[in-house]
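Spelled out, the chains give:
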Amino acid sequence: MNVKAKLFSYDLVDSPIHQLSGLTKLICFLLLTFAVMYSYDIRMILLVMLFAVFIMRISKIKFSQIKLMVVYVLIFVLTNAIISFLFSPEMGVEIYGSRTPILNLPGKFDLTAEQLLYSTTKLFKYASVIPFGIIFLLTTNPSEFASSLNRIGIHYKVSYAVALTLRYFPDIQRDYHEISQAQQARGLELSRKASFFNRIKNGLLIIIPLIFSSLDRIETISNAMDLRGFSKSNTRTWYTSRKMKRNDYAALIISASIFIAMAGVSIFINKSRFYNPFV
Amino acid sequence: MDLKPVIEFKNFSFQYHSQSEPTLHNIDLSISPGEKILIVGPSGSGKSTLGNCINGLIPFAYEGEIKGDLLIHGESTQDKNIFELSKWVGTVLQDSDAQFVGLSAGEDIAFSLENDNVPHARMHKQVWKVAEMVGMQNWLTSSPFELSGGQKQRTSLAGVLVNDVDILLFDEPLANLDPATGKTAIEIIEDIYTRENKTIIIIEHRLEDVLHRFVDRIIVINDGRIISNTDAHSLVCSDVLTKTGIREPLYVTALKYAGIKITEDIEPGYITTLQAHQHRNALTTWQASIEKPKAQKEKPSVLKVEQVSFSYDGIVKVLDDINFDIKEGEMVSIIGKNGAGKSTLSKLICGFEKQDQGTIFYRSQDLHDKSIKERAEIIGVVLQNPNQMISKNLIFDEVALGLRFRNIPEEEITPRVEKALEICGLNPFIEWPISALSFGQKKRVTIASILVLGPEILILDEPTAGQDYRHYTEIMEFLVEINKLGVTVLLITHDMHLMLEYTPRAIVLSEGRLIADTSASSVLTDHQVIESANLKETSLFHLAQLANISDGAGFVQGFIDYERKLKNR
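Residues numbered from 1 in each chain as written. Chains lettered and ligands numbered in written order. Predicted model: local features only at pLDDT ≥ 70, side-chain atom pairs only at ≥ 80, totals over all residues. Heavy atoms only, no water.

Q: Can you explain the sheet that holds strand S11 (residues 301-310) of chain B? Please cite residues and give values.
A: All names here are of chain B. One open sheet accounts for 4 strands, arranged S12-S11-S14-S15; its pairing is antiparallel. At either margin of the open sheet sits one strand with a lone partner, and together these are strand S12 (319-327) and strand S15 (365-366). In this structure, S11 lies alongside S12, joined through 6 bridges in antiparallel fashion. Paired with Phe310 across the bridge in S12 is Leu319. Each of S11, S12 and strand S14 (357-362) touches helix H13 (residues 342-350); the most contacted strand, S12, lies at about 65 degrees to it. (Pairing = 2+ DSSP bridges. Helix = DSSP H or I, 4+ residues; strand = E, 2+ residues; numbered from the N terminus. Contact = heavy atoms within 4.5 Å. Axes fitted to C-alpha atoms, helices over the stretch in contact; angles between N-to-C directions.)

Set out below in structure tokens:
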């Protein structure tokens, strides 16, 4: 199988993280995300980021698997920082209530220590949340993911739709690859030689066949599901759901502690969502 | 049998809302418990519609108007929904890949139990029990990618058996299987039939393959009507098969060629029951009378693959030291089971991937530095599913696409497209939207859109997959026409009939190595090659054995030569 086709797809490796139940991982993921999203304390955020890297190590995720994703995330985060600086260069000053210019630039675009701290904090927030997302996606079997969504109260039809999407992602990627090659053989130009507009137009020439061949797939799978009683009752059980084990409780306790610590630091020490070294 | 019928159609008609004519007309059919029934018919005959009426997909997923009655266990299906019916009728659809709902064999088997809210512990117990029934208990955690075609079939079967249904309906179970897996599938069905005492209905157009094992009755459907309802022996003796365009077993064709009258006393329904020994003389006389074709003059090489090796990840060699030489104007099959490296080979030839070692020559010119686009003017590739290639609404635009990409002036495009469409017999449809075409016609459109670029070599991936005999013949005869125009044709396939009838030469790959490059008749009679390429011996070979003809391969080759003469190729 092509290595490219494995991007974003659940991998059958065995690690302590893979062995956690899907429900545990979902709850931990949510707790950690909320914790990091709530707090603007760069010290805590850096700690969580180290924790994320550590977990990624344990779950045997290889850098090559996530390289492309990391590049995209970096581009996104950096653009985000630059654009928010361009639109409101004094955001940091407003938040921290002081102004310490480091670099005088023309117009209102002075670079202040406050802005630098604010932007860096935000950057690391993304950099610590996204690894958890990646870990979650790569270590959770899509069916188990569906069953855990269902267990936290989301209707099983929605959960199953999510799982099927994840599950067919590699297939559709493979289709895309095949169609694009066949179209290139006919002379379709997808490289930078074509203008931006033409590249979009040419992209359509791959998307249309992709949609039609995916529709065939959907018809078959939905017939197969109907014939075996999908959606006949309001609830369903899950073959892949796992019993909570000791490690699951441990993971939940760790995540909950991090959440409480982050919230506690904000409320009792910083007395605000922001850590302010400027006062 | 005077048992109460388990399925009973009474003057049953059905018309899809989207169609102007009924698909099924006045069907009367009753099936007794414990019967094994085969329903055959060409594409569009209504045989799948009949199946969908039994399992409830009609009217649940496909709406339409029903007249007359369909009773299952004496109860009208009109009052039942698809979920109630699924407790009685278990359906195994074609394409065990596409219907694999779960992410592992165990999960797939459990699917209908999950929907029934069976508690976790009991579910695992039940899944284990059913898996044992079909011999899958050691594979419960395997993902579909790790399972063989036969194992996927077993999984699908277990997924419906888990409901303890008493009727099993197989909708074209052989459609996407290679010959060896297809044979296994028929054996699995037989096994469940004899051990579990179920009523079995198989819908299929590949008659000979299903008759690998015994069936009680064969129902022939054509144009929405039942035109024959009898056992295998008498069906093969009648002219129903030829009239409806269903391929009769190959050994029966051979017997007819030899001038032997097919009667019920030679039990011709199955190769295993056939009494052929008394016809030995007629067969040998016929074989001796067949003219050997004159040796063709050696043509120059058009595509040469030399010591080519390739690996996607640098560890596992997908292709290992492949060598062959295709001559101008040849028509060659490339065969091998899934994962043998067939598609990778075609990707290397087209330049989608680059080989790690070795050279590919087009007429003594190394292709290494040619781009995909440049190679496309020499080598055209047609994907298996036409929906994967078609991106325009109108036939003309679709065929013109490749030329427009090349910025060829519009006044030159029109005549070239018209010519390609004419070759492909699509001229009457030139203004039509593609969505109005049949599958076979769409296939032609994709071939036309490649031919318009003027390639000298055409590579087709499974050109006849899922097609019935009539469409199969149409597509293949069309390819023969193109071949006669001088285009070299490479076919990636596991259709044994195609090999026998259309390609004198076959290249066999197994686990990345080339294990045979010889005549189709030698491939299909060589036990070792058959085994490693997931093929099966042709029934012509069995016929030769039954008639004590020692040179089996010679007999098969004789048949090929005779047919080629007959069809004037």
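This is not the end of the story, as more comes after the structure.
Q: Tell me about the interface of chain B and chain A, and name the residues and values.
A: Contacts between the two partners involve 61 residues from chain B, matched on the other side by 51 residues from chain A. For the chain B and chain A pair, buried surface summed over both sides reaches about 5000 Å², with 56% attributable to carbon and sulfur atoms. Where chain B meets chain A, there are 4 salt bridges. Arg186 of chain A serves as the salt-bridge partner of Glu398 of chain B, at 2.9 Å between the closest nitrogen and oxygen. (Buried area = accessible area lost by both parts, 1.4 Å probe. Salt bridge = Lys/Arg side-chain N within 4 Å of Asp/Glu carboxyl O.)

Q: Any details on the domain arrangement of chain B? Residues and values, ideally.
A: Residues and elements named next belong to chain B. Under the domain assignment, chain B is made up of domain 1 (7-238) and domain 2 (301-547). Using C-alpha coordinates to define each centre, domain 1 is positioned 33 Å away from domain 2. At the junction of the two partners, domain 1 supplies 12 residues and domain 2 supplies 12 residues. Our count for the domain 1 to domain 2 interface comes out at 1 salt bridge. With a closest N to O distance of 2.9 Å, Lys536 and Asp209 form a salt bridge. Counting across the interface, domain 1 meets domain 2 through 5 residue pairs in polar contact (both at pLDDT 80 or more). Taken together, the elements giving at least two residues each to the side of domain 1 that touches domain 2 come down to helix H7 (179-196) and helix H8 (207-210). Element by element, the count of residues in the side of domain 1 that touches domain 2 is highest for H7, at 4 residues. (Domains from an automatic or database assignment. Polar contact = N/O pair within 3.5 Å; in protein donor to acceptor, adjacent residues only side chain to side chain.)

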